[in-house]
Amino acid sequence: MTETIKKISTKPLVAWGLFFLIYIIFIFVFSYLYPYGADEYILKRDTLWGAIASYFQSYMSENARIGLLANNIILYLGKWSFLILNPLVQLIWILSFFALVSLRLPDFKKLSDFPLTALIALLSVFAVAQPDNTLFWIGGACNYSWSALPFFWILTWLRLEYKNKGNLNLSKKAAAGLFFIALALGMSSENGAPLTMGFIICFAAAFYIAGLKLKKHFWFIALGLAIGIALLFGAPAMWNRLDTDIFAYFNNSSLQDKLLWHISHIHFYIKAMFLIPIITFLALLVCALDKDKPSRFKNENYILAVIFFISSWILASVLFAVPFITGRCFYTASVSALISFVFTLTYLQEAYKFQAVKYCAMLAFAWAAAFMPAFAYPYLSLYRQDKARSNAIAQAKESGAKSVFLIPYKYLKGPNENLTIMFYDPVFGFIGYSDYLGMRVQTDERDEALSLYIFSNPDVI
């Protein structure tokens, strides 16, 4: 009998272990298949100090986000370090999302939390903005999905403060840790960090009106966020960006043009998430009109679903009017929309006794399984093209050839626009860049739009 109980009790642990193992392998494989792009060849340094110094140079000129520092260090160490870290970080991403919603980690002794965790894992890959850039590309992962962790952790801390009515007891070490997490959040996202500061201000105001006091650590952590935001927006790189042609083009454009840009970007944002923002809005609206649930406006899950829904549109709307923008810029907005979606499902499950999370997880899994070949093959194709290019260069060097003819990479379409790879060809995308694999680049003037030459002997040019 005892042995039977032991066997039964180990089944959930085995299921959780297999789930996490499959997810880790999935992230590892696609991170491996995604080759070095132009940024990797530009930013790679031969020394650790050079990698760190490169970040400070970028802080003064191009990019002030703290994620770039992690990116540069990883490039110095080699891609192997990213292949180890990225699956672990993405796993922590899932658990952090779960903790934000449930204020605890999953119970690994049971399977009751499995549907929600699986749903979050599927959404984290297929329903966020441009996963190829924000999950599998080194620079994108460091600046987007990795930088979402401080966002989750600070918001979870705020929820715990609310639960404890401002009486949450933190040790000095925990408060210091959250201070630096808030500092990192402030330096990681131009829209997510100010939104979080807005949450903190509203939170403090609500407590003041209610006559509740906040402990010193609250202000200490808020100070960390404020310093991070000041360092990000006060960086010379931010001001240099305002002098670029794209901002001048935006400022000089008519209101009609800006409205048209809004329509295009709103369309992409909604489609990228498989209509989840629309589904969430309709669900919240129907629940709001249900007079049989008078406590809906006092339900914490419903309120948080509404707050994050509004927040997602605030985060996205600040980007809608930009004329030229990549899908990855909507990453934080898409994450906020997913948080709202999960809170909505949690409320439906609680208020209507409807297994919304379970059925959504099953539907998401069925979709992912059906479209996995269309999602995966473009990555395999890109990897093969990169290997073929490397082999062609290696053979040219071995034979003593002075040049080798290369063609640009071709990118196959994914299941939708958001899941289609956007890759920066280190040769074709940056004509004139002269340190690709230790060689110099020259454009083929006869057919500039289609082909390039790589010269293995710098003296040839």
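Since this is a predicted model, take the numbers as computed values, not measurements.

A. Structural view of the overall build of the protein. Tallying secondary structure elements over the protein gives 19 helices and three strands in all. A total of 461 residues make up the protein; the buried ones form 50% of that total. Within the protein, contacts between residues separated by at least 24 positions form 75% of all contacts whose residues are at least 6 apart in sequence. In the form shown here, the protein has an accessible surface area of approximately 23000 Å², with 68% of it arising from carbon and sulfur atoms.

B. Here's a closer look at the side chain of Q130. Note that Q130 resides in the loop between helix 6 (114–126) and helix 7 (131–136). Residues in contact with Q130, not counting those within four places in the same chain, are T326, G327, R328, N418 and M422.

C. Main features of the pattern of salt bridges. Per the stated rule, a full pass over the model turns up six salt bridges. Ionic pairing is found between D113 and R104, a salt bridge with its closest N-O pair at 2.7 Å. Since its relative accessible area comes to 9%, D113 is described here as buried. Among the residues examined, R104 registers a relative accessible area of 39% and is labelled partly exposed. Ionic pairing is found between R159 and E300, a salt bridge with its closest N-O pair at 2.7 Å. Of the two residues, R159 sits in helix 9 (residues 148–163) while E300 sits in helix 17 (residues 300–320), which places them 141 residues apart along the sequence. Residues participating in the shared-partner salt-bridge network are R159, K163 and E300.

D. Looking closely at the packing of helix 5 (residues 79–102) against helix 9. At a closest axis distance of 9 Å, the pairing of helix 5 and helix 9 adopts a crossing angle of 20°. Regarding the angle of helix 5 to helix 9, the classification is roughly parallel. Here helix 5 and helix 9 pass one another in a crossing that is left-handed. Residues V89, I92, W93, S96, F97, A99, L100, V101 and S102 of helix 5 lie in contact with helix 9, whose contacting residues are A148, L149, F152, W153, L155, T156 and R159. Here the contact of helix 5 with helix 9 is composed, by residue class, of 12 nonpolar, three polar and one charged.

E. Region of interest: the environment of A174. Residue placement: A174 occurs in helix 10 (residues 172–186). For the pair A174 and H217, spaced 43 residues apart in sequence, the C-alpha separation works out to 9.4 Å.

F. Seen up close, helix 18 (residues 331–352). An ideal rise of 1.5 Å per residue puts 32 Å on 22 residues; helix 18 measures up with 31 Å between its terminal C-alpha atoms. Counted residue by residue, helix 18 has 18 buried out of 22 residues, so it is predominantly covered. At the C-terminal side of helix 18, K353 shows a positive phi close to 55°.

G. Spatial organisation of the side chain of S31. Tracing the sequence through the fold places S31 in helix 1 (residues 2–33). Its relative accessible area of 0% is what places S31 among the buried residues. Polar side-chain contacts of S31 include one of 2.7 Å to the backbone oxygen of I27. Reaching out from S31, the side chain makes a polar contact with the side chain of N86 at a distance of 2.9 Å. Setting aside residues up to four positions removed in sequence, S31 forms contacts with K79, F82, L83, N86, L135 and F136.

H. Expanded view of the nonpolar core. Counting residues in each nonpolar core, the largest one holds 122 residues, and the members touching the most others are W93 and F136. Ranked by residues supplied to this core, first place goes to helix 18 with 13 residues. Apart from the residues lying within four places of it in its own chain, the contact partners of F136 are F26, I27, F30, S31, Y34, F82, V125, P131, F375 and Y379.

I. Focus on the packing of helix 6 against helix 19 (residues 356–399). It is at 9 Å that the axes of helix 6 and helix 19 come closest, and there the two elements cross at 40°. Between helix 6 and helix 19 lies a crossing whose hand is left-handed. Residues P115, L116, L119, L122, V125 and F126 of helix 6 form the contact with helix 19, whose participating residues are V357, K358, C360, A361, A364, F365, W367, A368, M372 and F375.

J. Expanded view of the packing of aromatic side chains. Tallied over the entire structure, the rule returns 51 aromatic pairs. Taking the centre distance of 6.5 Å and the plane angle of 85° together, the rings of W16 and F19 count as edge-to-face. Note that W16 and F19 are positioned in helix 1 at a spacing of three residues, about one turn of the helix. Judged by relative accessible area, which is 2%, W16 ranks as buried. Assessed through its relative accessible area of 16%, F19 is described here as buried. Ring geometry for F199 versus F308: centroids 6.0 Å apart, planes at 65°, classification edge-to-face. With F199 in helix 11 (residues 192–209) and F308 in helix 17, this pair connects stretches of sequence that are 109 residues apart. A single burial state applies to F199 and to F308, both of which are buried. In textbook terms, an aromatic cluster arises when at least three aromatic residues are bridged by ring pairs, as seen for F26, F30, F126, F136, F274, W367, F371, F375 and Y379. Taking the ring centre of Y409 as reference, the NZ or CZ of R389 above it sits at 4.0 Å.

K. A look at helix 10. The end-to-end C-alpha distance of helix 10, which contains 15 residues, comes to 21 Å, matching closely the 21 Å that a straight helix rising 1.5 Å per residue would cover. Among the residues making up helix 10, those that are buried are A175, L178, F179, A182, L183, L185 and G186. One side of helix 10 holds all its buried residues, which, seen down the axis, span an arc of 160°. Along helix 10, the residues that are exposed and aim more than 90 degrees away from the buried face are K173 and F180. On its buried face, helix 10 sits against helix 9, helix 11 and helix 12 (216–233).

Conventions adopted
Residues numbered from 1 in each chain as written. Predicted model: local features only at pLDDT ≥ 70, side-chain atom pairs only at ≥ 80, totals over all residues. Heavy atoms only, no water. Helix = DSSP H or I, 4+ residues; strand = E, 2+ residues; numbered from the N terminus. Buried < 20%, exposed > 50% of the residue type's maximum accessible area, 1.4 Å probe, protein only. Contact = heavy atoms within 4.5 Å. Areas by Shrake-Rupley, 256 points an atom, 1.4 Å probe, with all protein chains shown as cover. Salt bridge = Lys/Arg side-chain N within 4 Å of Asp/Glu carboxyl O. Axes fitted to C-alpha atoms, helices over the stretch in contact; angles between N-to-C directions. Parallel < 35°, antiparallel > 145°, perpendicular 65-115°, else oblique. Left-handed = near helix turned anticlockwise from the far one by under 90°. Nonpolar A, V, L, I, M, F, W, Y, C, P; charged D, E, K, R; others polar. Expected span 1.5 Å × (residues − 1). Polar contact = N/O pair within 3.5 Å; in protein donor to acceptor, adjacent residues only side chain to side chain. Core = buried A, V, L, I, M, F, W, Y, C linked by side-chain atoms within 4.5 Å. Phe/Tyr/Trp six-rings, centres within 6.5 Å; stacked < 30°, edge-to-face > 60°. Lys NZ or Arg CZ within 6 Å of the ring centre and 35° of its normal. Arc of directions from axis to C-beta.

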